[in-house]
Amino acid sequence: MKRFSISDTERLNIVQDEQVGNIMRNLPDAESAERFLVDLTARFPLEEKRLRRNDGLLSDVLTLVAFSPLLATTLLQHKSYFSWLERQRVSSRSRGKEDLIESLARFALTNSTLETHVLLSRFRRRELLRIYLLDIRGLKTVAEITEEISDLADAILEFALRIARQELDNRFGAPLETDDKGRSAEATFCIVALGKLGSRELNYSSDIDLLFLYSSEGNTSGNGSRGAVTNREYFVKLSEHIIKLVGQQSGEGAAYRVDMRLRPHGRVGGLAIPGGDAAQYYLTTAQPWERQVLIRSRACAGDAEIYRRFFETVRPSVFSKDGSVIEALRNVRLSKERINLEKQSANGFDVKLGHGGIREIEFIAQALQLAHGGADEWLQAPHTLISLSRLADRGLITESEHTELADAYSFLRRLEHRLQMEHGLQTHLVPNDPERRFPVAKRMHFEDLTKFDAALARQTAAVYRTFCRIFDESALVDIDSEPETPGEPATTGSSIRTSNPAYGAAVSSLEKSGAEPDERTLSVLRDLAEISPYFAGSITANPEVVEVLAEISAEGFAARDYKLELQTIVRDEMNFASRLASLRRLQSRFLLGIAVAEVFGQLTKSDSKRLQCELAEASIAAALFVTQNELTHRLGVGIDRFPFAVLGLGKLGGNAMDYGSDLDLVLVYDDEAELGFLDESELTRSAFFGKAVEVFVTALSAMTREGSLYRVDLRLRPDGKNGALATGRRAFLNYFETRADVWELLAYVKLRAVGGDLELARIIESETRRIILARARGVDGDELRLEARRVRDRLESQKAGRTHRDIDIKYGSGGMLDIYFAMRFLQLRDEVPDDPQNRSTGFMLRKLYERGSLSADQFEALSFGYEFLSALDHELRLTIGRSTKFPAANRDALEVVARRMKLASAADLSEKLTVHRLNVREAFEELMHE
């Protein structure tokens with residue numbers, strides 16, 4: 001390569017440039033970015049000048065190279081990628097497999113002189129620029145990032161299969177098979193993905209675990225240059241060629257490392273195997289760990305029908321209905337121990353295989369799937385996060401365990417990504433050496449190595465606790481000792497001992513943080529831990545908020561202007577990451593303050609819910625400020641008007657937010673407002689507001705080291721998961737006038753303007769309510785009733801579970817959804833809209849009674865039932881965290897809840913719950929059968 005050089009003066013000008021300096025201040029590795037600019041100027045001076053004229057692209061490029069020297073090299077090798085990246089950055093939409101195949105085909109046309117394996121490697125590296133930028137900017141969740149990486153692998157494998165198939169057909173002719181009637185047809189082939197690719201959770205530097213299946217034995221047609229061969233020989237050669245195309249090394253590396261060791265009989269097995277033979281192997285010969293592998297399997301290229309037939313045959317042996325829970329857990333634990341023996345390191349903490357690492361999260365999910373998936377097919381989801389969510393819905397892990405595991409999974413996968421994308425190596429090791437460890441911490445947005453270590457220790461300790469519980473090893477977890485801190489020697493636990501684990505954990509965390517709470521604060525903390533281990537746990541996770549206890553114990557609860565204070569703190573920060581961090585810290589203090597004040601009798605339940613609604617709306621307002629500011633920065637325009645309406649459904653819509661509630665949101669923009677800053681020839685209005693939604697949802701729900709604000713649920717938007725994240729006002733209203741289903745009318749009864757352009761939001765709320773009531777008038781009362789019952793029954797079946805091992809106070813028979821669906825049905829049938837001044841369920845039930853929609857007995861059953869169930873739900877959230885299940889086995893928590901509800905005992909609580917559920921269900925049945 002030709003050598004280039006620049007003078008020392010030019011080098012100094014590059015480094016000291018104000019434009020560059022402003023960007024450098026927020027980068028984790030400014031030196032790498034500086035070196036990149038110097039090298040770029042020396043090699044491609046015109047490209048460097050063009051880059052400086054585009055602030056947004058310059059910021060993106062320098063951010064990429066500061067996070068990944070690997071991608072810095074890629075950009076310096078291919079200057080054309082700058083203009084490509086500029087085109088890509090205007091959109092953060094996902095690119096699925098078919099989109100990527102089209103893009104790869106275009107890339108192949110413009111790089112026709114490259115050998116195929118070089119072409120595939122180069123295309124993958126180019127796409128990683130786009131994906132990693134979305135990752136670094138926090139514009140997509142970990143699940144979305146790993147899905148894009150998996151789609152990229154699928155596209156490359158599909159492309160390689162087509163190339164290889166054409167070449168083999170030219171040599172030997174097409175492979176043929178004979179069906180049951182003696183007719184000849186072309187044999188088919190499928191690439192089955194296993195492991196992380198199988199569950200669509202691929203890493204940036206993962207191997208890809210594959211299984212090659214073909215439809216049937218036979219012979220090729222012989223219409224090629226080398227004559228006929230058997231199908232087995234043909235498909236083995238095809239498999240070898242695919243592996244070579246995607247796995248052969250070039251000057252820029254291979255596209256992927258292909259691992260075939262998980263195929264039947266391992267290394268000694270055939271490289272390609274008929275689907276029927278493979279099924280027979282798993283049914284008769286495979287070890288338990290081999291069947292466990294198939295939990296995460298799918299067709300990723302070729303003929304998916306082969307895989308479908310194969311898996312339907314082996315499914316009963318993977319998810320057995322006959323095996324015991326103990327046996328399933330033992331087999332998974334043996335798999336874990338086998339892996340632990342294979343790979344160990346003393347040079348750092350392994351985020352994949354270490355205690356509390358990614359593998360333990362995956363094995364928790366897979367163990368419970370194997371134990372219970374045979375009887376409950378809904379649990380058979382291959383994706384780890386989806387699996388954890390469904391396990392929580394079925395009560396197989398608690399809601400708090402679900403939250404901890406999902407948060408740890410996101411944290412550890414992002415950490416794994418940062419490690420791997422530094423140099424493109426398949427590494428999972430956080431180094432012990434502080435000089436090497438600190439850059440990793442900075443790429444995870446920690447400016448302090450101590451805080452990074454604490455966050456890593458906290459996340460892995462939560463995983464390890466659940467892992468030990470699931471595998472019945474609770475004896476290994478000593479409350480009086482802390483789990484081993486990743487990358488450090490084990491330490492002794494807190495010197496303060498207590499019979500309350502929540503209190504002990506919180507005190508230990510405070511000691512480690514250097515905090516010195518006084519005796520009064522410790523006393524308040526002890527009382528809090530007795531009543532609310534859940535909120536005491538928030539202090540364990542974030543010791544800084546302990547100050548809230550001191551404030552409230554000394555001065556009592558003081559009203560705060562949440563909106564003003566949250567707006568002020570984000571306005572004072574300089575960048576997106578710091579705004580999110582500050583917003584989370586302050587919001588968590590406010591929420592803890594509400595909980596502590598309620599625990600100590602300074603707030604009533606209704607006060608608590610009212611304040612939580614105010615806090616949620618203030619958080620939405622702050623997130624919108626962050627969104628508008630970030631869009632201004634990214635697009636380089638002054639956004640003088642932001643006609644974006646945020647509307648709430650569910651608890652937010654009904655002014656009934658509670659601890660752990662989701663934000664059920666509907667997002668609508670004004671499709672007629674004049675937007676002078678927007679050039680729609682370059683970025684359409686819908687695309688602009690689509691980007692706005694992505695930033696807004698990230699601001700509200702993305703997990704940072706300070707935690708997250710809320711889970712955001714957009715699934716009730718028009719057209720559901722297939723609909724746009726934000727909808728134009730005219731399209732939104734038209735949808736409800738012409739296309740919305742009856743169940744959507746029921747869901748939207750509680751629609752309420754909660755943020756953004758409130759004038760626009762209130763107009764949309766009012767118009768939607770008018771349309772819904774008008775639509776309902778045209779629906780027969782029996783049809784309304786049947787639809788309400790259908791949706792209610794479906795939710796009970798899906799969410800309450802089939803085993804009924806635990807009572808579900810929301811989704812189960814006689815639960816809160818009986819009341820909600822009965823009430824919304826009557827509101828639509830009898831045209832009784834919500835009162836803007838009082839949207840509570842109790843108020844609406846009385847209004848329906850006064851209107852004659854409910855009999856006296858029905859009103860009494862539903863209103864008293866709701867009062868009891870909502871109080872129980874609230875106290876459970878305060879005590880143990882968000883869960884719809886009645887924790888019958890947790891007697892200590894139930895005794896606390898019973899006292900707070902002024903009942904004699906846990907037994908009295910259980911008895912009253914039974915009576916209310918029976919009464920609620922009886923009233924519901926009467927209304928649904930009138």
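## Description of the overall build of the protein
Secondary structure summary: the protein contains 39 helices and 14 strands in total. Counting only C-alpha atoms, the protein reaches 85 × 80 × 65 Å along its principal axes. Per-residue burial over the protein gives 56% buried out of 930 residues. For the protein, contacts bridging at least 24 residues in sequence account for 72% of all contacts bridging at least 6. A total of about 39500 Å² of accessible surface is found on the protein, and carbon and sulfur atoms cover 49% of it.

## Overview of a negative patch on the surface
A contiguous patch of negative charge, built from D527, E530, D892 and E895, is present on the exposed surface. Listing elements by their share of the negative patch, those giving two or more residues are α23 (519-531) and α38 (891-900). Here E530 lies in helix α23.

## Observations regarding unusual backbone geometry
Positive phi, close to 55 degrees, is recorded for N655, a residue that is not glycine. For K902, which is not glycine, the phi dihedral falls at a positive 60 degrees. With respect to the helices and strands, the residue K902 is situated in the loop between α38 and α39 (906-928). With relative accessibility at 75%, the residue K902 sits in the exposed group.

## Thoughts on the nonpolar core
Among the nonpolar cores identified, the biggest contains 157 residues, and L62 and F644 are the most heavily contacted of them. No other element matches helix α10 (residues 142-172), which puts 13 residues into this core. Formed by 70 residues, the second largest nonpolar core is a distinct cluster that contains L649, V791, L894 and A923.

## Details of the environment of R899
The residue R899 is located in helix α38 in this model. Accessibility expressed as a relative area gives 55% for R899, which makes it exposed. Between the C-alpha atom of R899 and that of L909, which follows or precedes it by 10 residues, the distance is 9.4 Å.

## Describing helix α13 (residues 275-284)
Burial in α13 covers these residues: G275, A278, A279, Y281 and Y282. Down the axis of α13, the sector holding all buried residues measures 155 degrees, keeping them to one side. Looking at the packing, one finds that the buried side of α13 touches β4 (208-214), β6 (272-274), α14 (288-293) and α15 (304-318).

## Some thoughts on the packing of aromatic side chains
In this structure the tally under the stated criterion is 30 aromatic pairs. Ring centres of Y534 and F535 lie 5.0 Å apart, and the angle between their planes is 80 degrees; on these two criteria the pair is classed as edge-to-face. Exposure remark for F535: the relative accessible area of 5% places this residue in the buried category. Aromatic side chains F644 and F689 sit 5.9 Å apart centroid to centroid with 0 degrees between the ring planes, which places their arrangement in the stacked category. Pair noted here: F644 is in strand β10 (residues 644-649) and F689 is in helix α30 (residues 685-701), with a separation of 45 residues, a long-range link.

## What about the confidence of the model for the protein?
Note that predicted coordinates carrying low pLDDT should not be read in detail. With 90% of its residues at a pLDDT of 70 or more, the protein has an overall mean of 87. Confidence, expressed as mean pLDDT per element, reaches its minimum in the protein at helix α1 (residues 8-16) with 53 and its maximum at strand β3 (residues 189-194) with 98. Of the regions scoring below 50 in pLDDT, residues 473-499 engages in 36 contacts with residues more than four places distant in sequence or in other chains.

## Thoughts on the pattern of salt bridges
Here the structure, examined in full by the defined rule, presents 67 salt bridges. The shortest N-O distance in the salt bridge between R465 and E404 comes to 3.5 Å. Here R465, found in helix α21 (residues 449-470), pairs with E404, found in helix α19 (residues 399-423); they are 61 residues apart in sequence, far enough to count as distant. Residue R465 is classed as partly exposed on the basis of its relative accessible area of 41%. Salt-bridge contacts for E565 lead to R560; the nearest nitrogen and oxygen are separated by 2.9 Å. Using a relative accessible area of 38% as the deciding quantity, one classes R560 as partly exposed. Among the charged side chains, a network of salt bridges with common partners joins R789, R792, D793, E796, D818, R921 and E925.

## A short note on helix α28 (residues 605-635)
For α28, with 31 residues, the first-to-last C-alpha span of 44 Å sits near the 45 Å given by 1.5 Å per residue. One or two steps after α28, the chain reaches G636, where phi turns positive at roughly 70 degrees.

## Looking at the side chain of E127
Along the polypeptide, E127 turns up in helix α9 (residues 116-137). Judged by its relative accessible area of 2%, E127 falls in the buried class. Once you skip the residues sitting within four places of it in the chain, E127 turns out to touch W84, L100, S103 and L152.

## Section: the pairing of β4
Both faces of the sheet carry side chains from a regular strand, because those side chains alternate between them. Summarising burial for β4: seven of the seven residues are buried, a large majority. Sheet analysis places β4 next to strand β5 (residues 258-259), joined by two bridges and oriented parallel. If you follow I208 over to β5, its bridge partner there is V258. Considered for its hand, the β-α-β crossover made up of β4, helix α12 (residues 231-247) and β5 is right-handed. Both β4 and β6 contribute to a ladder of three bridges, which runs parallel. Residue pairing in the sheet places Y214 in a bridge with P274 of β6.

Thresholds, definitions, all that
- Residues numbered from 1 in each chain as written.
- Predicted model: local features only at pLDDT ≥ 70, side-chain atom pairs only at ≥ 80, totals over all residues.
- Heavy atoms only, no water.
- Helix = DSSP H or I, 4+ residues; strand = E, 2+ residues; numbered from the N terminus.
- Buried < 20%, exposed > 50% of the residue type's maximum accessible area, 1.4 Å probe, protein only.
- Contact = heavy atoms within 4.5 Å.
- Areas by Shrake-Rupley, 256 points an atom, 1.4 Å probe, with all protein chains shown as cover.
- Patch = residues over 30% accessible without salt bridge, like charges linked within 9 Å, V, L, I, M, F, W, Y side chains within 5 Å.
- Salt bridge = Lys/Arg side-chain N within 4 Å of Asp/Glu carboxyl O.
- Lys, Arg positive; Asp, Glu negative; His and termini not counted.
- Charge placed at Lys NZ, Arg CZ, Asp CG, Glu CD.
- Core = buried A, V, L, I, M, F, W, Y, C linked by side-chain atoms within 4.5 Å.
- Arc of directions from axis to C-beta.
- Phe/Tyr/Trp six-rings, centres within 6.5 Å; stacked < 30°, edge-to-face > 60°.
- pLDDT = per-residue confidence, 0-100.
- Expected span 1.5 Å × (residues − 1).
- Pairing = 2+ DSSP bridges.
- Right-handed = clockwise from strand over helix to strand, strands pointing away.

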